[in-house]
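Close look at the chain arrangement
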Amino acid sequence: MCLAIPAKVLSVDGPLARVIIGDTEYNASLMLLDDVKAGDYIMLHAGFAIQKVDEEEARETIRLLNEVAGYSPDTDEIH
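To keep things clear, this report deals only with the structure shown in the data block. Each residue is numbered by its place in its chain's sequence as written, counting from 1. Residues qualify for local features only when their pLDDT is at least 70, as the model is predicted, and side-chain atom pairs are given and counted only at 80 or more; totals for whole chains, interfaces and linings, by contrast, use all residues. Each side-chain value is derived from all of the structure's non-hydrogen atoms; neither hydrogens nor water enter the calculation.

This part is about the nonpolar core. Put simply, a nonpolar core is a bunch of buried Ala, Val, Leu, Ile, Met, Phe, Trp, Tyr and Cys residues held in one set by side-chain atoms that sit within 4.5 Å of each other. Burial classes follow relative accessibility: with a 1.4 Å probe on protein chains only, a residue under 20% of its type's maximum area counts as buried, one over 50% as exposed, and anything between as partly exposed. Core analysis: the biggest nonpolar cluster contains 11 residues, these being Ala7, Val9, Ala17, Val19, Ala28, Leu30, Leu33, Val36, Ile42, Leu44 and Ala49. Of all elements in the fold, only β1 (5-13), β2 (16-21) and β4 (41-45) reach the threshold of two or more residues within this core. When checking whether two residues touch, look at their non-hydrogen atoms; a contact exists if any pair is within 4.5 Å. With sequence-adjacent residues up to four places away left out, leucine 33 is seen in contact with Ile42, Ala49, Ile50, Gln51 and Lys52. In terms of nonpolar packing, the next biggest core, distinct from the first, is built from 5 residues, Ala4, Tyr41, Met43 and Ala58 among them. The way it works is that DSSP assigns letters per residue, a run of H or I at least four long becomes a helix, a run of E at least two long becomes a strand, and they are numbered from the N terminus.

With that out of the way, let us pick up the pattern of salt bridges. Every case where a carboxyl oxygen of Asp or Glu lies within 4 Å of a side-chain nitrogen of Lys or Arg is listed as a salt bridge. Summed over the entire model, instances satisfying the criterion amount to 6 salt bridges. The partner of arginine 63 in a salt bridge is glutamate 60, with the nearest N and O atoms 2.8 Å apart. Of this pair, arginine 63 and glutamate 60 both sit in helix α1 (residues 55-69), 3 residues apart, which is roughly one turn of that helix. Of the residues examined, glutamate 60 reaches a relative accessible area of 35% and is grouped as partly exposed. Residues participating in the shared-partner salt-bridge network are Lys37, Asp40 and Lys52.

A few words on the pairing of β2. Judged from the 5 bridges that link them, β1 and β2 form a sheet pairing that is antiparallel. Looking at β2, one finds that serine 11 is bridged to arginine 18. A loop of 2 residues connects β1 with β2, the two strands running antiparallel in sequence, and glycine 14 in this loop sits at a positive phi of about 65°. A pair of strands is considered paired only if DSSP assigns at least 2 bridges between the two. Strand direction decides the pairing type here: β2 and strand β3 (residues 24-29), joined by 6 bridges, are antiparallel. Its bridge partner lying in β3, leucine 16 is registered against serine 29. Counting the residues that bridge the hairpin from β2 to β3 gives 2 residues, and of these glycine 22 lies at a positive phi of roughly 65°.

Its location among the elements puts serine 29 in strand β3. When its relative accessible area of 10% is taken as the criterion, serine 29 is described as buried. Whenever a nitrogen or oxygen atom comes within 3.5 Å of another N or O atom, the pair is scored as a polar contact, on the condition that within protein one atom can donate a hydrogen and the other can accept it, and that pairs from neighbouring residues in sequence are kept only if both atoms are in side chains. A distance of 3.2 Å separates a polar atom in the side chain of serine 29 from the backbone nitrogen of methionine 31. The residues touching serine 29, leaving out its near neighbours within four places in the chain, are Pro15, Leu16, Gly47, Phe48 and Ala49.

The quantities given are spatial measurements derived from coordinates; they are silent on function.
As structure tokens, this is what we get:
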């Protein structure tokens, strides 16, 4: 099973983006997407941004993942 996690884009530098999930920052390849900019939300899978999503969808996905993992359903922190 594959799983992609929503992440907020902090900055873009050519084919790479710096993204944040919770309190942790990651590098993400943008080779599979066009027109990604700081402030966008992406789905991150294996280090690749595979889809752009809106903030509401990103927050709902994080809420559902937290619920499945047994965390408080009020937690939807992406940053």
